[in-house]
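Understanding the architecture of this molecule
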Amino acid sequence: LAAQFEREGVGLIPLREGALHFVAEVLADPSEPVELVVGSGLDIADSAPVLHRSEVTVDPQAWGVLRDHRLGGKAVLPAALALEMLAEAALARCPGGSLLAVEDLRVLRGVVIEEPVTLTVELGERGSSGLHRRFEARLLDSDGLPRYCAAVTIGPRTATPSAADRPADLDPAELTAAEAYRSRLFHGPSLHSLDGIEAVGETGIVATLSGAPSRGEWTGHEGSWALDPLLLDGVFQAVILWCWEQLGSPSLPSSLERLLVFADAHYNADTVPL
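In this report, we go over the structure that sits alongside the text.

Parameters at a glance
Residues numbered from 1 in each chain as written. Predicted model: local features only at pLDDT ≥ 70, side-chain atom pairs only at ≥ 80, totals over all residues. Heavy atoms only, no water. Helix = DSSP H or I, 4+ residues; strand = E, 2+ residues; numbered from the N terminus. Buried < 20%, exposed > 50% of the residue type's maximum accessible area, 1.4 Å probe, protein only. Core = buried A, V, L, I, M, F, W, Y, C linked by side-chain atoms within 4.5 Å. Contact = heavy atoms within 4.5 Å. Phe/Tyr/Trp six-rings, centres within 6.5 Å; stacked < 30°, edge-to-face > 60°. Lys NZ or Arg CZ within 6 Å of the ring centre and 35° of its normal. Expected span 1.5 Å × (residues − 1). Polar contact = N/O pair within 3.5 Å; in protein donor to acceptor, adjacent residues only side chain to side chain. Pairing = 2+ DSSP bridges. Axes fitted to C-alpha atoms, helices over the stretch in contact; angles between N-to-C directions.

1. Notes on unusual backbone geometry
Positive phi, close to 55°, is recorded for aspartate 104, a residue that is not glycine. Counting through the fold element by element, aspartate 104 comes out in strand β4 (residues 98-107). One non-glycine residue, aspartate 169, lies in the positive phi region at around 60°. When its relative accessible area of 72% is taken as the criterion, aspartate 169 is described as exposed.

Spelled out as structure tokens, the structure:
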């Protein structure tokens, strides 16, 4: 399995270190936790001191988009919306600033929302320089347990995007977007970001995406987006299809190394790249 884990970016625990963790847990006094997770990059204890907390109440009746994001029959918060919450909280601390980047997003555990739930965003600050502020952001559940974490950078927008190179050696896609939503993807109508699938191959996938509607249409609360959560979710959907094509099974997003943002979210989502 080592090669498979390496392809998925999962760090392995050395045999001796794993054995020592096992022995320490077996010999420890009984305690309240019933589950122990040990792994590369999972240590979140060394976080920046919390300097701000904000709350977000998610009501599945008001957040109509959740009806179209169900796993095992249960409504689950899309990773793209969790990332949106982290970005919004950081922007709120920097009036007049722009969202420049989100890095090292990690899905520690998804959030099932069957009834109204109040989630908490915690912000710490580390690595800020000049006009650029870098926040460590965490999304906590109602029990105070972290579910998502990421580093968010806010500052003046100066960079412009360069054209991305099209992946080489791609074949024309046989699967249409409509067929993908019927047979490969679980996303309901409000999350149908994929307009077309042009090509797919070992090195990537090319697809055309649509952006999100107004915030009120999705959540029942007016305001502007920090990101475009539908556009971002469409990228995740394209990756799921790529995994189907290349590996024969789907894959849900568990981490994101870097997302660079070149325009504010009140743009025309059809023309501005992320």
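2. Brief notes about the nonpolar core
One finds Leu77 and Leu139 to be the most contacted residues of the largest nonpolar core, which totals 45 residues. Among the elements of the structure, α3 (79-92), β4, β5 (117-125), β6 (133-140), β7 (146-155), α6 (229-247) and β11 (255-260) are those that each provide at least two residues to this core. Considering every element that reaches this core, the biggest residue donor is α3, with 10 residues. Each residue touching leucine 139, except ones within four places of it in the same chain, is listed here: Leu77, Ala82, Met85, Leu86, Leu119, Thr120, Val121, Leu145, Pro146, Arg147 and Tyr148.

3. Concerning the environment of glycine 127
Residue placement: glycine 127 occurs in the loop between β5 and β6. Sequence-wise, glycine 127 and threonine 153 are 26 residues apart; in three dimensions their C-alpha atoms are separated by 9.5 Å.

4. Some points on the packing of aromatic side chains
The description of an aromatic ring pair rests on the distance of the ring centres and on the angle between the ring planes. Scanning the model with the defined rule gives one aromatic pair in all. Their ring planes at 75° and their centres at 5.8 Å tell us that tryptophan 218 and tryptophan 225 sit as a pair that is edge-to-face. Its end group placed over the ring of tryptophan 244, arginine 184 keeps NZ or CZ at 4.6 Å from the ring centre.

5. Points about α6
Across its 19 residues, α6 extends 26 Å between first and last C-alpha, which sits within 8% of the 27 Å expected from 1.5 Å per residue. Three or more residues of α6 are buried, namely Pro229, Leu230, Leu231, Leu232, Asp233, Gly234, Phe236, Gln237, Ala238, Ile240, Leu241 and Cys243. Structurally, α6 contributes buried residues whose contacts are with α3, α4 (177-183), β9 (194-201), β10 (204-209), α5 (215-219) and β11. Of the residues that open α6, the one with a side-chain oxygen 3.2 Å from the backbone nitrogen of leucine 230 is aspartate 228.

6. What to know about the sheet that holds β9
Spatially, β8-β9-β10 is the arrangement adopted by the three strands of the open sheet, whose pairing is antiparallel. Of all the strands in the sheet, the pair left with one neighbour each is β8 (171-172) and β10. Sheet analysis places β8 next to β9, joined by two bridges and oriented antiparallel. Along β9, the bridge assignment pairs proline 172 with alanine 199. Lying over the sheet, α6 contacts β9 and β10, oriented at roughly 40° with respect to β9.

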